[in-house]
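Secondary and tertiary structure notes
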Amino acid sequence: MTILVLIMLGLVAVGGTVVALTDRPERQAVTLAVYGLLLSILFLVLAAPDVALSQVAIGSAVVPLMILLAWRTVRKATAGKRR
Amino acid sequence: MNRTSRIAVFVLGAATIAVLFGFAIARMPAFGAAVHPYRDAAVAAALARQAPNVVTSINFDQRGLDTFGEETILLASVIGAVTLLRPADDERRRRPPDAGRTLNATRLAGYVLLPVTLIVGADVVVHGHLTPGGGFQGGVVLASGLHLLYLAGSYPALRRLRPLNWYEYGESVGMGAVVALGIAGLVSGAGFLANVLPTGRFGDLVSAGTVPLFSVAIGIEVASGVVVLLAAFLEQDLATRSSA
């Protein structure tokens, strides 16, 4: 159990670093979704299924979708101004 | 404020937080240890109210006021985001584009998973007091499941399945139901959001007093809130065009 916790903590640390080092927001949405999934597995391993369920739904589905849609809207607006 | 003083403020704040954090960590019970005073109290209280899922009992009964505050914050932020994303003066509504190119595998997965996800979401909401989950988790599953129709089909298809004002009503009905539950507790003399209903038999679908009602109300509010929030983003992206 402790080994599983350590593995998941390590993966979450790596995942968080990857998200921070991803350069463009639209790519960050994808790495953030994977990171959210890793985080929810960590919560599950730590015997917190309720939190894991919230995390998997919010962190790997709703938030990345909102980032992508916001990014597209901003890109459309700046492209319109440049024209 | 120049750069040097900004850095001085940051260093002061960071050092204070580091010291306080160190003290807090030093006094914490060891990770995975056997002594948990709060757990002992919370589990006893949950079992006394016939709620097998202690987490939901804490959320929707023992600390119901915290959940009430949380959902008010969610409601306020949805309203704020919708206000910010409404069409501006230089923007006009347009007909949203039909489905773009979608892989057949994506369409199949979306249409197969759509009913499954909706049933799982409803299940998570309704059984919140028995198994892991509850109104918040189930509500988010319901709302994100609905958007499989956008991934698998098209935005117009999602729009037809999503009469937006229903979800706006849903959000206020859910929040209003929570307030009504709270006032019912006040009227009975037990206090705001107190668990005033009979708790029933341990493990039954209808048990644990007000917990399932509170959970379903939160489920309606969260599902509608997330749908309204994502709809504001989708409308801004797909159904609005800058006229400038």
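Examining the overall build of chain B
The helix and strand inventory of chain B stands at 10 helices and two strands. Computed over its C-alpha atoms, the radius of gyration of chain B comes to 23 Å, more than 25% above the 18 Å expected for a compact globule of 244 residues. With the C-alpha coordinates of chain B rotated into their principal frame, the extents come out at 65 × 60 × 40 Å. Taken over 244 residues, chain B has a buried fraction of 34%. A separation of at least 24 residues holds for 73% of the contacts in chain B among residues at least 6 apart in sequence.

As for the overall build of chain A
Helix and strand counts for chain A stand at three helices and zero strands. Starting at the N terminus and ending at the C terminus, chain A contains elements arranged as α-α-α. A compact globule built from 83 residues would reach a C-alpha radius of gyration of about 12 Å, whereas chain A, at 16 Å, exceeds it by more than 25%. Expressed as lengths along the three principal axes of its C-alpha atoms, the size of chain A is roughly 60 × 25 × 10 Å. Counting all 83 residues of chain A, 25% fall into the buried class. Intrachain contacts of chain A at a sequence separation of at least 6 include 48% that bridge at least 24 residues.

A closer look at the interface of chain B and chain A
At the junction of the two partners, chain B supplies 18 residues and chain A supplies 16 residues. Classifying every residue of the side of chain B that touches chain A gives 11 nonpolar, six polar and one charged.

Points about the packing of helix α3 (residues 54-62) of chain B against helix α10 (residues 211-238) of chain B
Residue and element names in this part refer to chain B. Running from N to C, α3 and α10 cross one another at 85°; their axes reach a closest spacing of 9 Å. One finds that α3 runs roughly perpendicular with respect to α10. Here Thr56, Ser57, Phe60 and Asp61 of α3 come into contact with α10, specifically with Val211, Phe214 and Ser215. Taken together, the residues of the contact of α3 with α10 sort by class into three nonpolar, three polar and one charged.

Observations regarding the nonpolar core
Membership of the largest hydrophobic core comes to 45 residues, with the highest contact counts inside it found for Phe214, Ala217, Val226 and Val227 of chain B. Listed by contribution, the elements that provide at least two residues to this core are α3 (49-82) of chain A together with α4 (64-85), α5 (104-126), α6 (135-146), α9 (164-187) and α10 of chain B. The element contributing the most residues to this core is α10 of chain B, with 19 residues.

A few points about unusual backbone geometry
Residues and elements named next belong to chain A. The backbone of Ala47 sits at a positive phi, close to 65°, despite the residue not being glycine. Looking at the element boundaries, Ala47 is found in the loop between α2 (25-45) and α3. By C-beta crowding, Ala47 is classed as exposed, having 9 other C-beta atoms within 10 Å.

Re α10 of chain B
Think of an α-helix as turning once every 3.6 residues; residues three or four places apart then point the same way. In this model, α10 of chain B (28 residues) spans 39 Å end to end at C-alpha, consistent with the 40 Å of a helix rising 1.5 Å per residue. α10 of chain B sits mainly inside the fold: 28 of its 28 residues count as buried.

Brief notes about the environment of Ala105 of chain B
By the element assignment, Ala105 of chain B lies in helix α5. The sequence separation of Ala105 of chain B and Ala152 of chain B amounts to 47 residues, and the corresponding C-alpha distance is 9.1 Å.

Comments concerning the environment of Arg95 of chain B
All names here are of chain B. Of note, Arg95 is situated in the loop between β1 (91-93) and α5. Its 9 C-beta neighbours within 10 Å are what place Arg95 among the exposed residues. Distance from Arg95 to Leu238, taken between C-alpha atoms, is 8.2 Å for residues 143 residues apart in sequence.

Reading the values: rules and limits
Residues numbered from 1 in each chain as written. Chains lettered and ligands numbered in written order. Predicted model: local features only at pLDDT ≥ 70, side-chain atom pairs only at ≥ 80, totals over all residues. Helix = DSSP H or I, 4+ residues; strand = E, 2+ residues; numbered from the N terminus. Rg over C-alpha atoms; globule rule 2.2 N^0.38 Å. Buried ≥ 20, exposed ≤ 12 C-beta atoms within 10 Å, placed from the backbone. Contact = placed C-beta atoms within 7 Å. Nonpolar A, V, L, I, M, F, W, Y, C, P; charged D, E, K, R; others polar. Axes fitted to C-alpha atoms, helices over the stretch in contact; angles between N-to-C directions. Parallel < 35°, antiparallel > 145°, perpendicular 65-115°, else oblique. Core = buried A, V, L, I, M, F, W, Y, C linked by C-beta atoms within 7 Å. Expected span 1.5 Å × (residues − 1).

None of the figures reported here should be taken as evidence of function without further support.
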